[in-house]
Amino acid sequence: MIPFSVLDLAPIVEGGTAADSFRNTLNLAQHAESLGYHRYWLAEHHGMRGIASAATAVVMGHVAAGTRTIRVGAGGVMLPNHSPLVIAEQFGTLESLFPGRIDLGLGRAPGSDQATARALRRDLQTDAQQFPNDVVELQHYFAPLEPGQTLRAVPGAGLEVPLWILGSSTFGAQLAAELGLPYAFASHFAPGDLMNAIAIYRARFKPSKQLAKPYVMLGFNVFAADTDEAGRFLFSSLQQAFVNLRSGRPSLLQPPVDGFAERLHPGDRAMVDSALSCCAVGSPDTVRKALQAFIEKTGADELMLTSQIFDHSARLRSYEIAAEVREEAVTA
């Protein structure tokens, strides 16, 4: 079985706070490390009531300081929001503090609504179309210093922090292939172009100093519990979140509700089912079958599991079940 990793959106639950979220994030990271998960990634979102990881590099430092071996990364930093030099300095700092453990995944979406994007000043002499140039500039800052080079990242220069390209379309696949970088696809919420993007990436990949052959990591939702019914109950929190988000009402992560999907308008139900089709929901046996089928279908090199579960103890248990399923497959 391929490596499993964790994507944590640092959810703020109904009745909770960002401080609660950060405590849960560190606890989950420590739990994932003890279970043998490979990476622990956090994502940049802004102005989202239910997501606490806006200052992604800061939260990464919190996680890395409280763990010992698991890789800690951004999945991802939305590069058009930032100066590449500032990101090089931030991640150069993280790599200096936690050598050999830091990943930097890069996306071109704003990670926010339009008003928040403007407040981030991302439209001042930059836009998403500059993303490829920004990635190359960032690579340059992490490369060894050249004679006479005056513009440098301190810290950052020479640290060669591994970069990833994130995407939910074929654009990211083409860029990752051209630059010879690993590719992470957001199939956990936008699976429409999944198979096409993987095929393009693998067909067009050019080896680089960082990576000799294509490497694909795919997002996948897991809501594992002792029974199928319990898993479906937990899953309803994410279903509610998607309906609220697509309706323009982003919310805190809501408690689970029995039979939520069955009460949805058919259009909303179709939207949720489509967006969240890359998903394993239910008992260990159900989850194992879904994971194996997804890996066989895609040929993924690594899975990044995400579990937007309201109850923290149930979330810990979901990741525990997924790790057990993987271990059973490895030893079978």
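The paragraphs below set out a description of the structure included in this document. (Residues numbered from 1 in each chain as written. Predicted model: local features only at pLDDT ≥ 70, side-chain atom pairs only at ≥ 80, totals over all residues. Heavy atoms only, no water.)

## Some thoughts on unusual backbone geometry
Put simply, the rule is: Helical segments are the DSSP runs of H or I of at least four residues, strand segments are the runs of E of at least two, and each set is numbered from the N terminus. The classification of residues rests on relative accessible area computed with a 1.4 Å probe and restricted to protein chains. Under 20% of the type maximum is buried, over 50% is exposed, and intermediate values are partly exposed.
For the bond running from Gly 75 to Gly 76, omega is 10°, close enough to zero to count as cis. That bond from Val 154 to Pro 155 is cis: its omega, -5°, falls within 30 degrees of zero. Mapping Pro 155 onto the fold places it in the loop between helix H5 (131-142) and strand S5 (163-167). Here Glu 160, not a glycine, exhibits a phi torsion of approximately 50°, which is positive. Looking at where Glu 160 falls in the secondary structure, it is placed in the loop between H5 and S5. The class of Glu 160 is partly exposed, set by a relative accessible area of 39%.

## A closer look at the state of the cysteines
We apply this condition: Disulfides are defined as pairs of cysteine sulfur atoms found within 2.5 Å of each other.
Counted by the stated rule, this structure contains zero disulfides. There is no disulfide at Cys 278, and the cysteine sulfur nearest it, in Cys 279, is 8.5 Å away. Residue classification places Cys 279 among the buried positions, given a relative accessible area of 16%.

## Remarks on the pairing of strand S7 (residues 216-224)
What counts here: The rule for pairing is simple: two strands pair if DSSP sees at least two bridges between them.
In terms of residue burial, S7 counts as a mostly covered element, since nine of its nine residues are buried. Inspection of the sheet shows strand S6 (residues 183-185) paired to S7 by three bridges, in the parallel sense. Residue Ala 184 lies in a different strand from S7, and its bridge partner there is Met 217. As judged from the five bridges shared by S7 and strand S9 (residues 302-306), these two strands associate in the parallel manner. Bridged to Leu 218 within S9 is Leu 303. Across four bridges, the pairing between S7 and strand S8 (residues 279-282) is parallel. Residue pairing for S8: Val 222 is matched across the bridge by Ala 280.

## Quick word on the packing of helix H7 (residues 194-204) against helix H10 (residues 284-298)
Where we set the bar: Whenever a helix is involved, its axis is fitted only over the stretch in contact; in every case the axis is a line through C-alpha atoms, and angles between N-to-C directions fall within 0 to 180 degrees. Throughout this description, any angle smaller than 35 degrees is read as roughly parallel, any larger than 145 degrees as roughly antiparallel, any in the 65 to 115 degree range as roughly perpendicular, and the remainder as oblique. Any two residues having at least one pair of non-hydrogen atoms within 4.5 Å are treated as being in contact. Polar here means any residue outside two lists: the nonpolar Ala, Val, Leu, Ile, Met, Phe, Trp, Tyr, Cys and Pro, and the charged Asp, Glu, Lys and Arg; Gly therefore counts as polar.
At a closest axis distance of 11 Å, the pairing of H7 and H10 adopts a crossing angle of 45°. Comparing their axes, H10 and H7 come out oblique. Contact with H7, carried on its side by Leu 194, Met 195, Ile 198 and Arg 202, involves Phe 294, Lys 297 and Thr 298 of H10 and no other residues of that element. Split into classes, the residues belonging to the contact of H7 with H10 amount to four nonpolar, one polar and two charged.

## A word on the nonpolar core
Put simply, the test is: Grouping buried Ala, Val, Leu, Ile, Met, Phe, Trp, Tyr and Cys residues that are joined through side-chain atoms within 4.5 Å yields what is termed a nonpolar core.
Among the nonpolar cores identified, the biggest contains 75 residues, and Tyr 37, Phe 91, Leu 104, Val 135, Leu 303 and Leu 305 are the most heavily contacted of them. Counting residues per element, this core draws most heavily on helix H11 (residues 312-331), which supplies six residues. Those residues in contact with Leu 305, other than ones at most four positions away along the chain, are Phe 4, Ser 5, Val 6, Leu 7, Tyr 37, Phe 220, Val 222, Leu 291, Tyr 319 and Ala 322. Within the second largest apolar cluster, 16 residues are counted, among which are Phe 223, Leu 238, Phe 260 and Val 281.

## Focus: the side chain of Arg 39
Using the following cut-off: Between N or O atoms, a polar contact is any pair within 3.5 Å; within protein, one atom must be a potential hydrogen donor and the other a potential acceptor, and residues adjacent in sequence are included only when both atoms are from side chains.
Locating Arg 39 in the fold gives a position in strand S2 (residues 39-42). Judged by its relative accessible area of 7%, Arg 39 is buried. A distance of 2.9 Å separates the side chain of Arg 39 from the side chain of Asp 103, its partner in a polar contact. Polar contacts involving the side chain of Arg 39 include one to the side chain of Glu 302, which spans 2.9 Å.

## Some points on the packing of helix H3 (residues 84-97) against H5
Where we set the bar: Handedness of each helix crossing follows the sense of rotation of the near helix against the far helix: counterclockwise by less than a right angle gives left-handed, clockwise gives right-handed.
In contact at an axis separation of 9 Å, H3 and H5 are set at 45° when each is read in the N-to-C sense. Here H3 lies oblique to H5, going by the angle between them. Pair H3 / H5 crosses with right-handed handedness. Along its contact with H3, which presents Pro 84, Leu 85, Ile 87, Ala 88, Phe 91 and Gly 92, the element H5 presents Asp 134, Glu 137, Leu 138, Tyr 141 and Phe 142. Counted by class, the contact of H3 with H5 contains eight nonpolar, one polar and two charged residues.

## Some remarks on helix H2 (residues 56-65)
Within H2, seven of the 10 residues are buried, leaving the element largely enclosed by the surrounding structure. Elements in contact with the buried residues of H2: helix H1 (18-35), S2, strand S3 (71-78), H3 and strand S4 (102-107).

## Examining the pattern of salt bridges
Applied cut-off: By definition, a salt bridge exists where a carboxyl oxygen of Asp or Glu is found within 4 Å of a side-chain nitrogen of Lys or Arg.
Inspection of the entire model under this criterion finds 14 salt bridges. Among the salt bridges present, the one from Asp 103 reaches Arg 71, with a minimum N-O distance of 2.8 Å. Taken as a pair, Asp 103 in strand S4 and Arg 71 in strand S3 lie far apart in primary sequence, 32 residues in all. One salt bridge in this structure joins Arg 317 and Glu 324, with 3.5 Å as the shortest N-O distance. One network of salt bridges, in which partners are shared, links Arg 39, Arg 71, Asp 103 and Glu 302.

Any functional reading would require information beyond the geometric quantities listed.
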